[in-house]
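# A closer look at the structure
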Amino acid sequence: MDNRAIGIFDSGLGGLTTVKELRRLLPNEHIIYFGDNGRVPYGNRGRETIRKYAMQDIRLLLSHDVKLVIAACGTVSSMMTPEMQNSIGLPFSGVVLPSAQAACAASSTGQIGVIGTTATVRSGAYGRAIRAIRPEARVFGNACPLFVPLVENGFIQPDNEITLKVAKLYLEPMIESNVDTLILGCTHYPIIYDIINQVLDYKVTLIDPGREVAKWAQNFLTSSGILREGEGSCEYYVSDSPELFSDTAAIFLGGDIQGEVEQIDIDSF
Ligand code: DGL
């Protein structure tokens, strides 16, 4: 047993898709979430900036004495070096490996698509992880930079014409490449899961990175004997307006945010 919290971070709201899954799978855990809503999006930034932001986000979580750190962000997960991971001094997971494992298990043809931010797709991290598991796999990537602002601004209803139009444009190459499995390589994307599924005519298996990393955490905490006992809860930290975060977070979490939302100065970490 270990009653310390699980620390999770993302550039904004996307990581809440992971929180939702964790709450479902591990209802006794205490979750500390940081959403960097003052600096979102990360995905259009350079590698070194993303790494600097990621380490600040991790230091904030470490100041809360967590037992596990999860980068619920495809962009950060694609940029984390082994040195950065080792420097944390705690168990860590990003979303790339659990998603790649799930995609390799799900695909029958080995034609696997990956959508993500510009930085994620450019990094090739998902492709490397997939080919390490299935060397014969063919991986097709496409950056979808408009999805994050659309999600952050609440353009998420399944019949939202603007998001549907953008999704058709971004997903056309995936249809042409005949992928049978698609990794939603950014944790914001599961929020428009229905739109993506609709555009792909419900013919492609979609991999939700938040769900996969949550399953990984459940296995890890269980096999390590460090589950928490008692009633679970959440604490949220943001780098900009808590009100703006809470309003949109409620849509993602499917109800009012449970727990305090506090604004912190991320530059001091
Ligand atoms: N949820 C982040 C990701 O998975 C958001 C990307 C961004 O901030 O651009 O990549």
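Calculation criteria
Every chain is numbered on its own, with residues counted from 1 as its sequence reads. Per-residue local features of the predicted model are confined to residues with pLDDT of at least 70, and side-chain atom pairs are confined, for both listing and counting, to 80 or more; whole-chain, interface and lining totals are unaffected and use all residues. The basis for the side-chain values is all heavy atoms of the structure; hydrogens and waters are excluded. Think of it this way: one heavy atom of a residue within 4 Å of a molecule or strand is enough to make that residue near it. For the purposes of these results, a polar contact is taken to be a pair of N or O atoms within 3.5 Å, where, inside protein, one atom must be able to donate a hydrogen and its partner to accept one; residues adjacent in sequence count only when each atom of the pair is a side-chain atom. Throughout, the Shrake-Rupley method with a 1.4 Å probe supplies accessible areas, and for residues the shown protein chains are the sole cover considered. Three categories are distinguished: nonpolar for Ala, Val, Leu, Ile, Met, Phe, Trp, Tyr, Cys and Pro, charged for Asp, Glu, Lys and Arg, and polar for the others, with Gly belonging to the last. Labels follow the DSSP assignment, with helices taken as runs of H or I lasting at least four residues and strands as runs of E lasting at least two, numbered in each case from the N terminus. For a helix, the expected span equals 1.5 Å multiplied by the residue count minus one. We define the bend at each residue as the angle formed by axes fitted to the 7 residues ending at it and the 7 residues starting at it. Relative accessible area decides the class of each residue, using a 1.4 Å probe on protein chains only: under 20% of the type maximum gives buried, over 50% gives exposed, and in between gives partly exposed. It only takes one pair of heavy atoms within 4.5 Å for two residues to be counted as in contact. DSSP-based pairing: two strands are paired if at least 2 bridges between them are found. Axis definition: a line fitted to C-alpha atoms, over the contacting stretch in the case of helices. Angles run 0 to 180 degrees between N-to-C directions. Every angle not falling under 35 degrees, over 145, or within 65 to 115 is termed oblique; those three ranges are roughly parallel, roughly antiparallel and roughly perpendicular. Side-chain rings of Phe, Tyr and Trp (the six-membered ring for Trp) are treated as a pair once their centres are within 6.5 Å; stacked means planes under 30 degrees apart, edge-to-face means over 60, and tilted covers the remaining angles. We call a charge positioned over a ring when the NZ of a Lys or the CZ of an Arg lies within 6 Å of the ring centre and within 35 degrees of the ring normal.

## Quick look at the site of the ligand
- Taken together, 14 residues lie near the ligand, and S11, Y42, G74, T75 and H188 sit nearest.
- In this structure, Y42 approaches the ligand through a main-chain N or O atom, which is 2.7 Å from an oxygen atom.
- In the model, an oxygen atom of the ligand is placed 2.5 Å from a nitrogen or oxygen of the G74 main chain.
- Protein burial of the ligand: of its 300 Å² of free accessible surface, 99% is covered by the chains.
- Partitioned by chemical class, the residues of the shell around the ligand number six nonpolar, seven polar and one charged.

## Details of helix 9 (residues 161–176)
- Between its first and last C-alpha atoms helix 9 spans 22 Å; for 16 residues at 1.5 Å apiece the expected length is 22 Å, and the two agree.
- A bend of about 40 degrees at Y170 is the largest found in helix 9, and the proline P173 appears one to four places after it.
- Residues of helix 9 that are buried: T163, L164, V166, A167, Y170, L171 and M174.
- The backbone nitrogen of I162 has a side-chain oxygen 3.1 Å away, supplied by the residue at the start of helix 9, namely N160.
- A positive backbone phi angle near 60 degrees is found at N178, which sits one or two residues after helix 9.

## Description of the environment of V66
- Looking at where V66 falls in the secondary structure, it is placed in strand 3 (residues 66–71).
- On the basis of relative accessible area, V66 is assigned to the buried category, the value being 2%.
- V66 sits 40 residues away from A106 along the chain, and the two C-alpha atoms are 32 Å apart.
- Once residues within four sequence positions are removed from consideration, V66 is found in contact with R4, A5, I6, G7, I32, L61 and L90.

## A few points about the sheet that holds strand 6 (residues 138–143)
- Across the sheet, which stays open at both edges, the four strands sit in the order 6-5-7-8 with parallel pairing between neighbours. A strand with exactly one partner marks an edge of an open sheet, and here the two such strands are strand 6 and strand 8 (205–207). With strand direction ignored, the average angle separating the axes of adjacent strands in the sheet is 20 degrees.

## Examining the packing of helix 5 (residues 96–106) against helix 11 (residues 209–224)
- Orientation of helix 5 relative to helix 11, taken along the N-to-C sense of each, is 100 degrees, at an axis distance of 8 Å. Taken together, the axis directions place helix 5 and helix 11 in an arrangement best described as roughly perpendicular. Of helix 11, the residues touching helix 5 (which contributes P98, S99 and A102) are P209, E212, V213 and W216.
- Residues of the contact of helix 5 with helix 11, tallied by class, amount to five nonpolar, one polar and one charged.

## Some points on the packing of aromatic side chains
- Using the criterion set out here, one finds seven aromatic pairs in the structure.
- Seen from their ring centres, Y236 and F245 are 6.1 Å apart, and the 50 degrees between their planes marks the pair as tilted.
- A network of ring pairs unites the aromatic residues Y33, Y236 and F245 as a single cluster.
- Seen from the ring of Y53, R39 lies directly overhead, with NZ or CZ sitting 3.7 Å from the centre.

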